[in-house]
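Report on the structure
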Amino acid sequence: MDFEFEEFESPEDIFTVMATMAPPMKSILPINSYKGYIFSMIPLTPASGNSYLMIYTKGKLDGKLLEFDMNLKKFKMVDTAERSDKIYFVVLTPKSNTIADGAIKTLEKITT
């Protein structure tokens, strides 16, 4: 697999990127918190699934559902997705993720 990387300063920056790439009316998006990284894996070759863009920052997110205010660039943990003027992120924390493991291994080789 091939990986491309785009690093950001904060989770809010990743949320902004994800919100601008989401299809219209898509208000709940997945985000991963795994092995010290907050990220999203975006397939660059959807047909073959061999090339991915990992947008990431270092850190950890707790919570299952986060409400993101695009105008303020702030997020908070919530119990339900209630507002149509907000974007929501479901925080996924997998026990294992082989694609993410491969990307993290490649990333750490590049940055050391």
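The model shown is predicted, which means the values in this text are computed figures rather than measured ones. (Residues numbered from 1 in each chain as written. Predicted model: local features only at pLDDT ≥ 70, side-chain atom pairs only at ≥ 80, totals over all residues. Heavy atoms only, no water.)

Bringing the packing of aromatic side chains into the picture now. Under the criterion given, the structure shown has eight aromatic pairs. On the numbers, 4.3 Å between centres and 20° between planes, the contact of Phe15 with Phe89 is stacked. Remark: Phe89 occurs in strand E7 (residues 87-92) and Phe15 occurs in helix H1 (residues 11-21); sequence separation between them is 74 residues. Overall, Phe15 belongs to the buried group, its relative accessible area being 0%. For Phe89, a relative accessible area of 0% puts it in the buried group. Feature note: the residues Phe3, Phe5, Tyr37, Tyr52 and Tyr56 constitute an aromatic cluster, connected by ring pairs. (Phe/Tyr/Trp six-rings, centres within 6.5 Å; stacked < 30°, edge-to-face > 60°. Helix = DSSP H or I, 4+ residues; strand = E, 2+ residues; numbered from the N terminus. Buried < 20%, exposed > 50% of the residue type's maximum accessible area, 1.4 Å probe, protein only.)

Turning to the sheet that holds strand E4 (residues 51-58), a few remarks are in order. Across a sheet, paired strands are connected by hydrogen bonds in the backbone, their directions being either parallel or antiparallel. Spatially, E1-E4-E3-E2-E7-E5-E6 is the arrangement adopted by the seven strands of the open sheet, whose pairing is mixed. Each edge of the open sheet is held by one strand with a lone partner, namely strand E1 (2-7) and strand E6 (74-77). On average, each strand axis in the sheet is tilted by 35° relative to the strand beside it, whichever way the strands run. When E1 meets E4, the two strands line up parallel, connected through six bridges. Counted as the bridge partner of Phe5 is Met54 from E4. Across the sheet, H1 is in contact with strand E2 (28-34), strand E3 (37-43), E4, strand E5 (65-69), E6 and E7; its angle to E4 comes to roughly 145°. Packed onto the sheet, helix H2 (residues 98-111) meets E1, E2, E3 and E4 and runs at close to 65° relative to E1. (Pairing = 2+ DSSP bridges. Axes fitted to C-alpha atoms, helices over the stretch in contact; angles between N-to-C directions. Contact = heavy atoms within 4.5 Å.)

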